[in-house]
Every structure is written in structure tokens, then in C-alpha cells.
Amino acid sequence: MVKKYKIILFLFAFLINATAVSYSQKPSQKVIKKILAAISNQEKSWNNGSIKDYMNYYYNSDSLQFITKLGITYGWQTTLDNYLKTFPDKQTMGILYFSDIKLTRIDSKTVVVSAKWQLQRENDSPGGWFTQIWKKTKGKWLIIIDHTS
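Described in the following lines is the structure provided in the data block.

Thresholds, definitions, all that
- Residues numbered from 1 in each chain as written.
- Predicted model: local features only at pLDDT ≥ 70, side-chain atom pairs only at ≥ 80, totals over all residues.
- Heavy atoms only, no water.
- Helix = DSSP H or I, 4+ residues; strand = E, 2+ residues; numbered from the N terminus.
- Buried < 20%, exposed > 50% of the residue type's maximum accessible area, 1.4 Å probe, protein only.
- Contact = heavy atoms within 4.5 Å.
- Polar contact = N/O pair within 3.5 Å; in protein donor to acceptor, adjacent residues only side chain to side chain.
- Expected span 1.5 Å × (residues − 1).

### Considerations on the environment of Tyr54
Part 1 of the reasoning: With respect to the helices, strands and loops of the structure, Tyr54 is situated in helix α3 (residues 51-54).
Part 2 of the reasoning: Judged by relative accessible area, Tyr54 falls into the buried class, the value being 5%.
Part 3 of the reasoning: Distance in space between the C-alpha atoms of Tyr54 and Gln42 is 4.7 Å, their sequence separation being 12 residues.
Part 4 of the reasoning: Non-local contacts of Tyr54, meaning those with residues more than four positions away in its chain, are made with Gln42, Ser45, Trp46, Tyr83, Leu96 and Phe98.

### Describing the side chain of Thr148
Part 1 of the reasoning: Looking at the secondary structure, you find Thr148 in strand β6 (residues 140-148).
Part 2 of the reasoning: At a separation of 2.5 Å, a polar atom in the side chain of Thr148 contacts the side chain of Asp146.
Part 3 of the reasoning: Each residue touching Thr148, except ones within four places of it in the same chain, is listed here: Phe66, Ile67, Thr68, Lys69, Trp117, Trp129 and Phe130.

### Considering helix α2 (residues 29-47)
Part 1 of the reasoning: Its 19 residues give α2 an end-to-end C-alpha distance of 27 Å, which sits within 8% of 27 Å, the value for a rise of 1.5 Å per residue.
Part 2 of the reasoning: Inspection of α2 places Val31, Ile32, Ile35, Ala38, Ile39, Gln42, Ser45, Trp46 and Asn47 among the buried residues, and these make up the whole buried set.
Part 3 of the reasoning: Phi for Gly49, located one or two positions after α2, is positive at around 85°.

Written out as C-alpha cells, the structure is:
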């Protein structure tokens, strides 16, 4: 009988904790403006053909994670190299548009960004969705994990 109550207490505690963790708050207006400005700058950098400037908003570390349907890679340099390999010139880069952007605050230094991405190119128009974790590091908001599909 005691074991049954322990299980019930465990489940009750788990549900309370899960509810608290899943509760998300909207970031402050200041944080929203900073991250949206960074995303806008990324879009402009891409559309100007500068992948290196686009990468200014990724955490320059070996711990950066980039996840696609092909799997997960680690590191800022690896991410840059993959972008340069996949998009060797402005024509293959096309024009990038972000839309349906949603920001969710995890804590005072962590925000999850989800959005739709779309490329306009001469012969096609690929697109998809991404989820990124942005972390405030040394006063700057940077992407530490990017999951793009």
C-alpha cells in the first residue's frame, strides 16, 4: 500500500514539475527587439550574399549545434563550412525570407525562436521551419542550437 502511495506522489510531483517547466513566458520588449533585429540582420546579410556576416549571430564555439535531416554537426567553423559548401554563390543562396517568428523565454538569458524560412531562387523556392535556442553571452544574443528542416 505504501508503494502505491509513493507512485502516486511521484506522478503528482512529476505532473506539477512538468507543468511548471512547460509554462513559458514572453520575453521582455527589449529582448524581443534585440533578437528580432539580429534575425533581420541575418536576413539582410544572407540577401547581400555574405554567409560570414550571417554567421555573426551564431555562438563561435565548438559546442554550437546545428541539426538537419542529415543529422547533427558541432562547431561554428563546421557550420560555416557547411553553409559555404551548400551555398557557394549568391545564386544558390537566393533571397531569404523569415516569417511566423515566435519567441518564447526560457529564462532571463535563454530564448527559443521558431519561424518559417523561405528561399526565392531562379528555379525553385525551398523552405521549411527552424527552432533555435538563443543565449545571451557576453552581452550579445547568439544562437547556440539551430534545428532547421
